[in-house]
Amino acid sequence: MRIAIASDHGGVEAKSSLIRFLKDQGHEALDMGTHNSESCDYPDYASAVAKAVQGDADYGVLVCGTGIGMAMTANRFAGVRAAVIADAFSASMCREHNNANVICFGARLLAVPAMERFLDVFLKTSFAGGRHEGRVAKINSYD
Ligand code: RB5
């Protein structure tokens with residue numbers, strides 16, 4: 001799969017690890033920055049990934065201190081459904097029920113192995129459709 005990934009300064013180290021993880025799993029990782037630990041503004045990076053997901057990326061991955069600012073920003077973009085994830089159950093449910101297409105992590109909360117585990121669950125879980133189709137369509141109707 002084609003996966004757009006970005007972070008702010010707080011998530012830049014985790015991002016490098018997640019890019020390696022994605023490549024090891026056979027995915028294409030589009031690194032949209034940031035590329036160093038200099039303080040920067042997370043909306044710049046969340047918007048880049050959101051636009052990639054509106055385009056030809058299958059999914060997006062965003063890492064900041066908490067994941068929250070990234071998700072708030074990404075969810076402003078039509079068709080983008082970003083979820084802050086800190087456990088495997090939510091990683092599965094946000095795909096199965098909400099058809100999330102962007103996963104956001106907090107580097108101040110989670111170690112890289114946990115992010116990798118949740119990302120793996122996220123990428124391997126399909127949208128259930130059925131009764132959830134209409135609910136997701138209602139989310140999209142507010143775009
Ligand atoms: C940066 O200090 C911090 O605000 C950012 O990484 C993130 O946690 C925002 O939601």
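Computed from a predicted model, the values in this text were never measured in an experiment.

Draft legend 1. Here's a closer look at the site of the ligand. Around the ligand lies a shell formed by Asp8, His9, Tyr42, Cys64, Gly65, Thr66, Gly69 and Arg108. One nitrogen or oxygen atom from the main chain of threonine 66 is found 3.0 Å from an oxygen atom belonging to the ligand. Residue arginine 108 places a side-chain N or O atom 3.4 Å away from an oxygen atom belonging to the ligand. Looking at the shell around the ligand residue by residue, the class counts come to 2 nonpolar, 4 polar and 2 charged.

Draft legend 2. Molecular detail of the pattern of salt bridges. Considering all chains together, one arrives at 4 salt bridges under this definition. Put simply, aspartate 31 and lysine 15 hold a salt bridge, and the shortest N to O gap is 2.9 Å. In this pair, aspartate 31 sits in strand β2 (residues 28-31) while lysine 15 sits in helix α1 (residues 12-24), placing the two residues 16 residues apart along the sequence. You can call lysine 15 buried: its relative accessible area is 2%. In this structure, aspartate 120 engages lysine 124 in a salt bridge whose closest nitrogen and oxygen atoms are separated by 3.1 Å. With aspartate 120 and lysine 124 both in helix α5 (residues 112-124) and 4 residues apart, the pair spans about one turn of that helix. Residues joined in a network through salt bridges with shared partners are Arg2, Glu28 and Asp56.

Draft legend 3. Broad picture of the pairing of β2. Inspection of the sheet shows strand β1 (residues 2-7) paired to β2 by 4 bridges, in the parallel sense. Counted as the bridge partner of isoleucine 5 is aspartate 31 from β2. In terms of handedness, the path from β1 via α1 over to β2 forms a crossover that is right-handed.

Draft legend 4. Geometry of the side chain of serine 7. Summarising the element assignment, serine 7 is placed in strand β1. Setting aside residues up to four positions removed in sequence, serine 7 forms contacts with Val12, Lys15, Gly33, Thr34, Tyr45, Val63 and Met70.

Draft legend 5. Seen up close, the sheet that holds strand β4 (residues 82-84). Reading across from one edge, β2-β1-β3-β5-β4 is the order of the 5 strands in this open sheet, with parallel pairing throughout. Bordering the open sheet on either side are β2 and β4, each of which pairs with just one other strand. Each strand axis lies, on average, 25° off the axis of its neighbour in the sheet, ignoring direction. Pairing between β1 and strand β3 (residues 59-64): 5 bridges, direction parallel. Each residue of the ladder has a partner; that of isoleucine 5, found in β3, is valine 61. Running at roughly 170° to β3, helix α2 (residues 42-54) makes contact with β1, β3 and β5 (102-106) of the sheet.

Draft legend 6. Layout of the packing of α1 against α5. Packing of α1 against α5 brings their axes to within 10 Å, and their N-to-C directions diverge by 45°. Classified by the angle between their axes, α1 and α5 sit oblique to one another. Handedness of the crossing formed by α1 with α5: right-handed. Contacts between α1 and α5 pair Ala14, Ser17, Leu18, Phe21 and Leu22 from the former with Val112, Met115, Glu116, Leu119, Asp120 and Leu123 from the latter. A breakdown of the residues in the contact of α1 with α5 according to their chemical character gives 8 nonpolar, 1 polar and 2 charged.

About the criteria used
The numbering scheme is per chain: residues are counted from 1 as the chain's sequence reads. Reporting of local features is limited, given that this is a predicted model, to residues whose pLDDT is at least 70; pairs of side-chain atoms are given and counted only at 80 or more, and all residues count toward the totals for whole chains, interfaces and linings. In computing side-chain values, all of the structure's heavy atoms are included and hydrogens and water are not. Here, proximity means that at least one heavy atom of the residue falls within 4 Å of the molecule or strand. We define a polar contact as two N or O atoms separated by no more than 3.5 Å, with the added condition that, inside protein, one atom must be a possible hydrogen donor and the other a possible acceptor, whereas residues neighbouring each other in sequence contribute only through side-chain atom pairs. Under this grouping Gly is polar, as are all residues other than the nonpolar Ala, Val, Leu, Ile, Met, Phe, Trp, Tyr, Cys and Pro and the charged Asp, Glu, Lys and Arg. Salt bridge, as used here, is a side-chain nitrogen of Lys or Arg placed within 4 Å of a carboxyl oxygen of Asp or Glu. Here a helix means four or more residues in a row that DSSP labels H or I, a strand means two or more in a row labelled E, and each is numbered from the N terminus. Exposure categories follow from relative accessible area, calculated using a 1.4 Å probe and restricted to protein chains: below 20% of the type maximum is buried, above 50% is exposed, and the middle band is partly exposed. In this scheme, strands are said to pair when DSSP sees at least two bridges between them. Assignment of crossover handedness uses the view with strands pointing away from the viewer, where a clockwise path from the first strand over the helix to the second indicates a right-handed crossover. By the convention used here, residues are in contact when the closest approach between their heavy atoms is within 4.5 Å. Note on method: axes are straight lines fitted to C-alpha atoms, helices fitted across the in-contact stretch only, with angles between N-to-C directions ranging 0 to 180 degrees. For this classification, under 35 degrees means roughly parallel, over 145 means roughly antiparallel, 65 to 115 means roughly perpendicular, and everything else is oblique. Left-handed is the label given to a crossing in which the near helix is rotated counterclockwise from the far helix by less than a right angle, and right-handed is the label when the rotation is clockwise.

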